[in-house]
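Here's the letter readout for the chains.
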Amino acid sequence: MKPIGILLSTTLIFALSSCQPSGENQSHTTTVEQKKHTKIESKTHQDHWTYQGETGPEHWSEIEKNSDCDGKKQSPINIIEVNSQESTSFGKKITTYYAPETKIHDVTNNGHSIQYNFEKGDKLSFEGSEYLLKQIHFHEPSEHTIDGIRYPMEIHLVHQNKQKEFVVLGILVKEGLASEPFNFLESYLPVKAGETKIVNQSFDLNKNLPENKTFFHYEGSLTTPPCTETVDWVVFQNPISISVEQVKILQMLMPHNNYRNEQPINSRVITKSSF
């Protein structure tokens, strides 16, 4: 009987000792899972919106939790001319006051676009309220489309009033004759992502406006996070022209396809006016 008892005891000890490595593996697995979870959580916190992949426009509302990016008045849109309301009786009243001596303070590459920041001076009047020009920047290709046509580039002239409301002029750009004002702007390029260069030179924005001042108006949003829905959009119907070479200079410096796709119009009204 003693040999049997010894055998049973040995078996029991072996069985108990065999459980220990299994417990260590479980603890190790849990640690690995915790680390993986921490990495995922850390990545989520570090995510910043871009124009592609998991941080692209389709996911902006998930990344920017307190934004309007999933709102009902989002921009840009496809403007269909036959669906716009053309009438001087309810057309929006806008007047630009762009002085030739107003200076560009600096140019910066913010990682999303090339942006020229202006000193105080240029402004516009929209429906009786004054909006100061803050900056201009570029999207390649255009964000707004007209009758489904997407242009090679779009310039946004961003203005803001004391109530923090925006009026943004959208100027569509086609490839053609070279633009002298663009030569001036691009003379301060290149700027690397995150870099800023002081300009401190006067610039006449009137030279960048289309000769035909017919425009479409609608209520929308900023086209980048936080997609704020306090924007009156003025999109000129006729594009300006710059050369292929001038387009390529900006293409080399900005993220490829830095535009947001068209958003639902929903119940918004698009008007067509001129100034």
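The structure reproduced in this document is the subject of the present report. (Residues numbered from 1 in each chain as written. Predicted model: local features only at pLDDT ≥ 70, side-chain atom pairs only at ≥ 80, totals over all residues. Heavy atoms only, no water.)

1. Observations concerning the pattern of salt bridges
One pass over the full model with this rule turns up three salt bridges. With a closest N to O distance of 3.3 Å, Lys73 and Glu219 form a salt bridge. Of the two residues, Lys73 sits in the loop between helix H2 (60-63) and strand S1 (78-79) while Glu219 sits in strand S13 (residues 214-220), which places them 146 residues apart along the sequence. Residue classification places Lys73 among the partly exposed residues on the basis of a relative accessible area of 29%. Glu219 sits in the partly exposed class, given a relative accessible area of 39%. Across the salt bridge formed by Lys272 and Glu81, the nearest N and O atoms sit 2.5 Å from each other. Remark: Glu81 occurs in the loop between S1 and strand S2 (85-86) and Lys272 occurs in strand S16 (residues 271-274); sequence separation between them is 191 residues. (Salt bridge = Lys/Arg side-chain N within 4 Å of Asp/Glu carboxyl O. Helix = DSSP H or I, 4+ residues; strand = E, 2+ residues; numbered from the N terminus. Buried < 20%, exposed > 50% of the residue type's maximum accessible area, 1.4 Å probe, protein only.)

2. Digging into the packing of aromatic side chains
Using the criterion set out here, one finds ten aromatic pairs in the structure. Ring centres 5.6 Å apart and planes at 70° place the aromatic pair Phe184 and Tyr188 in the edge-to-face group. Relative accessible area serves as the criterion here: at 26%, Phe184 is assigned to the partly exposed category. One aromatic cluster is present, built from ring pairs that chain together Trp49, Tyr51 and Trp60. For Lys123, the ring lying beneath its charged end belongs to Tyr97, and the centroid distance is 6.0 Å. (Phe/Tyr/Trp six-rings, centres within 6.5 Å; stacked < 30°, edge-to-face > 60°. Lys NZ or Arg CZ within 6 Å of the ring centre and 35° of its normal.)

3. A word on helix H4 (residues 244-253)
For the α-helix, the turn length of 3.6 residues means that residues three or four positions removed from each other point alike. For H4, the complete set of buried residues consists of Gln246, Val247 and Leu250. For H4, the buried positions fall inside an angular range of 100° around the axis, keeping them on one side. When the buried face of H4 is taken as reference, the exposed residues oriented beyond 90 degrees from it are Glu245 and Met252. Along its buried surface, H4 packs onto strand S5 (114-118), strand S7 (129-139), strand S10 (153-160), strand S11 (166-175), helix H3 (180-186) and strand S15 (240-242). (Arc of directions from axis to C-beta. Contact = heavy atoms within 4.5 Å.)

4. Quick notes on the state of the cysteines
The tally for this structure, following the rule as stated, stands at one disulfide. Linked covalently through their sulfurs, Cys69 and Cys227 form a disulfide whose S-S length is 2.1 Å. Disulfide Cys69-Cys227: the torsion about the S-S bond is 75°, which places it as right-handed. In this pair, Cys69 is assigned in the loop between H2 and S1 and Cys227 in the loop between S13 and strand S14 (231-236), connecting sequence segments 158 residues apart. Of the two residues, Cys69 and Cys227, both sit in the buried class. (Disulfide = S-S within 2.5 Å.)

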